[in-house]
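Residue-level listing of the chains:
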Amino acid sequence: MKTVYLAGKITGDEGYREKFAAAARELELAGFVVCNPAMLPYPGFEYDQYLRMSAAMLEECEAVCFLPDWVQSNGARLEYAMAIDAGKEIFYYREWIVGRS
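What counts, and where the lines are drawn
- Residues numbered from 1 in each chain as written.
- Predicted model: local features only at pLDDT ≥ 70, side-chain atom pairs only at ≥ 80, totals over all residues.
- Heavy atoms only, no water.
- Helix = DSSP H or I, 4+ residues; strand = E, 2+ residues; numbered from the N terminus.
- Rg over C-alpha atoms; globule rule 2.2 N^0.38 Å.
- Buried < 20%, exposed > 50% of the residue type's maximum accessible area, 1.4 Å probe, protein only.
- Contact = heavy atoms within 4.5 Å.
- Areas by Shrake-Rupley, 256 points an atom, 1.4 Å probe, with all protein chains shown as cover.
- Lys, Arg positive; Asp, Glu negative; His and termini not counted.
- Charge placed at Lys NZ, Arg CZ, Asp CG, Glu CD.
- Salt bridge = Lys/Arg side-chain N within 4 Å of Asp/Glu carboxyl O.
- Pairing = 2+ DSSP bridges.
- Axes fitted to C-alpha atoms, helices over the stretch in contact; angles between N-to-C directions.
- Core = buried A, V, L, I, M, F, W, Y, C linked by side-chain atoms within 4.5 Å.
- Right-handed = clockwise from strand over helix to strand, strands pointing away.

1. Description of the overall build of the protein
Item 1. Scanning the protein for helices and strands turns up four helices and four strands.
Item 2. Along the chain direction, N to C, the helices and strands of the protein fall in the order β-α-β-α-β-α-β-α.
Item 3. Computed over C-alpha atoms, the radius of gyration of the protein comes to 13 Å, within 12% of the 13 Å expected from 2.2 N^0.38 for 101 residues, which places it in the range of a compact globule.
Item 4. Structurally, the protein occupies a C-alpha span of about 40 × 30 × 25 Å along its principal axes.
Item 5. Across the 101 residues that make up the protein, the buried fraction comes to 38%.
Item 6. A fraction of 67% describes how many contacts in the protein between residues 6 or more apart in sequence connect residues 24 or more apart.
Item 7. Counting every atom, the protein has about 6,000 Å² of accessible surface; 55% of that belongs to carbon and sulfur.
Item 8. Seen as two clouds, the 10 positive and the 15 negative side-chain charges of the protein have centres 3 Å apart.

In structure tokens form, the structure reads like this:
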């Protein structure tokens, strides 16, 4: 099974947990092992700590799936650069889900 990190907007999005959970469910149904940063406890850590924890999750995954709102997130844009630098497989949730139907 392929491991995938889920990236998207969290800060400022009150519904982020549900949005990430729904995407994670779809990816898991397709056979992925999903690392979901929305599962990290909140509150409890500083922003920089969340970035470091998320970076560690991303580093251990084979691929990164970007939710539609990822470009609105400073953290997700940083994760995009990290994924490119690391040569990770990148795909976009909206395109992926449409391709499944």
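2. Some thoughts on the pattern of salt bridges
Item 1. Inspection of every chain in the model, using the stated rule, returns four salt bridges.
Item 2. As a salt-bridge pair, Lys2 and Glu89 come within 2.5 Å of each other at their nearest N and O atoms. Here Lys2 is found in the segment before β1 (3-7), whereas its partner Glu89 is found in strand β4 (residues 89-92), with 87 residues between them in sequence.
Item 3. One salt bridge in this structure joins Asp13 and Lys19, with 2.6 Å as the shortest N-O distance.

3. Regarding the sheet that holds β4
Item 1. Here we have four strands laid out as an open sheet, ordered β2-β1-β3-β4, and parallel in their pairing. The sheet is open, and its two borders are formed by β2 (33-35) and β4, each paired with just one other strand. The mean angle between the axes of side-by-side strands here comes to 30 degrees, regardless of whether they run parallel or antiparallel.
Item 2. The pairing of strand β3 (residues 63-66) with β4 spans four bridges and is classified as parallel. Note on β4: the bridge partner recorded for Phe66 is Tyr92.

4. Some points on the nonpolar core
Item 1. Val4, Leu6, Leu27, Phe32, Val34, Cys65 and Phe91 are the most contacted members of the largest nonpolar core, which totals 16 residues.
Item 2. Elements supplying a minimum of two residues to this core: β1, α1 (16-29), β3 and α4 (93-100).
Item 3. Looking at this core, the element that brings in the most residues is α1, giving five residues.
Item 4. The next biggest cluster of nonpolar side chains, apart from the first, holds 12 residues, and it includes Ala7, Tyr50, Cys61 and Ala83.

5. Some details on the pairing of β1
Item 1. With five of five residues buried, β1 is to be regarded as a mostly interior element.
Item 2. Where burial is concerned, the two faces of β1 agree: the one with Thr3, Tyr5 and Ala7 and the one with Val4 and Leu6 are both buried.
Item 3. Between β1 and its parallel partner β2, the chain crosses via α1, and the hand of that crossover is right-handed.
Item 4. Sheet topology places β1 next to β3; four bridges connect them, and they run parallel. Counterpart to Val4 in the pairing with β3 is Ala63.

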